[in-house]
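# Coordinate inspection notes
Here are the chains, one letter per residue:
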Amino acid sequence: WRGWSSDVCSSDLITVRTDPSTATATTQREAPPSALGCAEQQDILLEVIGYFSTHFSHAFSIPEMADQLHFKLEDIESALDHCRHKTASMALQDYRLSRLCDQMWDNPSEDVGLQIARCGLTDVQAACAAFETCFGINLADYHWQCFISKASRSQTQATTNHRPVLLAPTSATASTMA
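What comes next concerns the included structure. (Residues numbered from 1 in each chain as written. Predicted model: local features only at pLDDT ≥ 70, side-chain atom pairs only at ≥ 80, totals over all residues. Heavy atoms only, no water.)

## With respect to the packing of helix α1 (residues 38-55) against helix α4 (residues 88-106)
As a reminder, the rule being used: Only C-alpha atoms enter the line fits that serve as axes; for helices the fit covers just the stretch in contact. Angles between N-to-C directions range over 0 to 180 degrees. Labels follow the DSSP assignment, with helices taken as runs of H or I lasting at least four residues and strands as runs of E lasting at least two, numbered in each case from the N terminus. The scheme is simple: roughly parallel for angles under 35 degrees, roughly antiparallel for over 145, roughly perpendicular for 65 to 115, oblique for anything else. Crossings are assigned a handedness: left-handed for a near helix turned anticlockwise from the far helix by less than a right angle, right-handed for a clockwise turn. Here a residue-residue contact requires only that any non-hydrogen atoms of the pair lie within 4.5 Å. Classification convention: Asp, Glu, Lys, Arg as charged; Ala, Val, Leu, Ile, Met, Phe, Trp, Tyr, Cys, Pro as nonpolar; all other residues, Gly among them, as polar.
Between α1 and α4, the shortest axis-to-axis distance is 10 Å and the interhelical angle comes to 50°. By the angle between their axes, α1 is oblique relative to α4. Both α1 and α4 take part in a crossing whose hand is right-handed. Across from I49, F52, S53 and H55 in α1, the residues of α4 making contact are A88, A91, L92, Y95 and R96. For the contact of α1 with α4, the class distribution of residues is 6 nonpolar, 2 polar and 1 charged.

Have a look at this one:
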């Protein structure tokens, strides 16, 4: 999944303090607040990501996931906060949004509402807002880019195979052609 790797875990926190009299900033490294070591946090993250990948398409609660994985909820939250700077709910939402990106890329002709629902996102408006916050692009604009890219890939593949490309018109263009 984009943005997730198993080898990233910060071992220090950085605090920036500004001296108002001199307007200078200093940084100070502090020990992490978690009682878990980096290796334990990575183990938890791998299990959580695995759970996300298996269950993202349907509703579940984070405490339910913790019970299923046999981890304390606090340890999951601590590992995600320390290594990803996210809550478990935020991480799940980001995972679902990434799966939505993948679905749109693979099949931009499919109904977006169906793709949103298939990713476990229940509210289309909320999904659109979260998508833009997460990726910095409007969901409709991303969908359009996926559609154009798919057409370009099809054109390139057909040209490489020396076959003509026939793009099926949408229902809107088909009615105007009649």
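## A closer look at the side chain of R99
Quick note on the threshold: Polar contact criterion, stated in full: a pair of N or O atoms within 3.5 Å, where within protein one must be able to donate a hydrogen and the other to accept it, and residues adjacent in sequence count only if both atoms are side-chain atoms.
Summarising the element assignment, R99 is placed in helix α4. A distance of 2.5 Å separates a polar atom in the side chain of R99 from a polar atom in the side chain of D102.

## Things to note about the packing of aromatic side chains
Just so we agree on the cut-off: Think of it this way: a Phe, Tyr or Trp ring, Trp meaning its six-membered ring, pairs with another when their centres are within 6.5 Å, and the plane angle makes it stacked under 30 degrees, edge-to-face over 60, tilted otherwise. The buried label goes to any residue with under 20% of its type's maximum accessible area, the exposed label to any with over 50%, and the partly exposed label to all in between, with areas taken from a 1.4 Å probe on protein chains only.
Applying the stated criterion across every chain yields a total of 6 aromatic pairs. Aromatic side chains F131 and Y142 sit 5.4 Å apart centroid to centroid with 45° between the ring planes, which places their arrangement in the tilted category. Of this pair, F131 sits in helix α6 (residues 124-135) while Y142 sits in helix α7 (residues 139-160), and the two are 11 residues apart along the sequence. Residues F131 and Y142 agree in their burial class; the two are buried. Taken together, a centroid distance of 5.9 Å and an interplanar angle of 15° make the contact between W144 and F147 stacked. Here W144 pairs with F147, and both are found in helix α7, just 3 residues apart, close to one helical turn.

## Considerations on the nonpolar core
Nonpolar side chains in soluble globular proteins tend to end up buried together. What counts here: Definition of nonpolar core: a set of buried residues of the types Ala, Val, Leu, Ile, Met, Phe, Trp, Tyr and Cys, connected through side-chain atoms within 4.5 Å.
Counting 33 residues, the largest nonpolar core has V48, F52, M65, I76 and L100 as the members making the most contacts within it. At the level of secondary structure, the elements contributing two or more residues to this core comprise α1, α2 (62-69), α3 (73-84), α4, α6 and α7. With residues near it in sequence (within four places) discarded, F52 still touches F60, M65, A88, A91, L92 and Y95.

## Observations regarding α1
Condition: Here the expected span of a helix is defined as 1.5 Å times the quantity of residues minus one.
Relative to the 26 Å expected for 18 residues at 1.5 Å per residue, α1 spans 25 Å between its end C-alpha atoms, a close match to the ideal helical length. For α1, the full list of buried residues reads Q41, Q42, I44, L45, V48, I49, Y51 and F52. Check the buried side of α1 and you find it contacts α2, α3 and α4.

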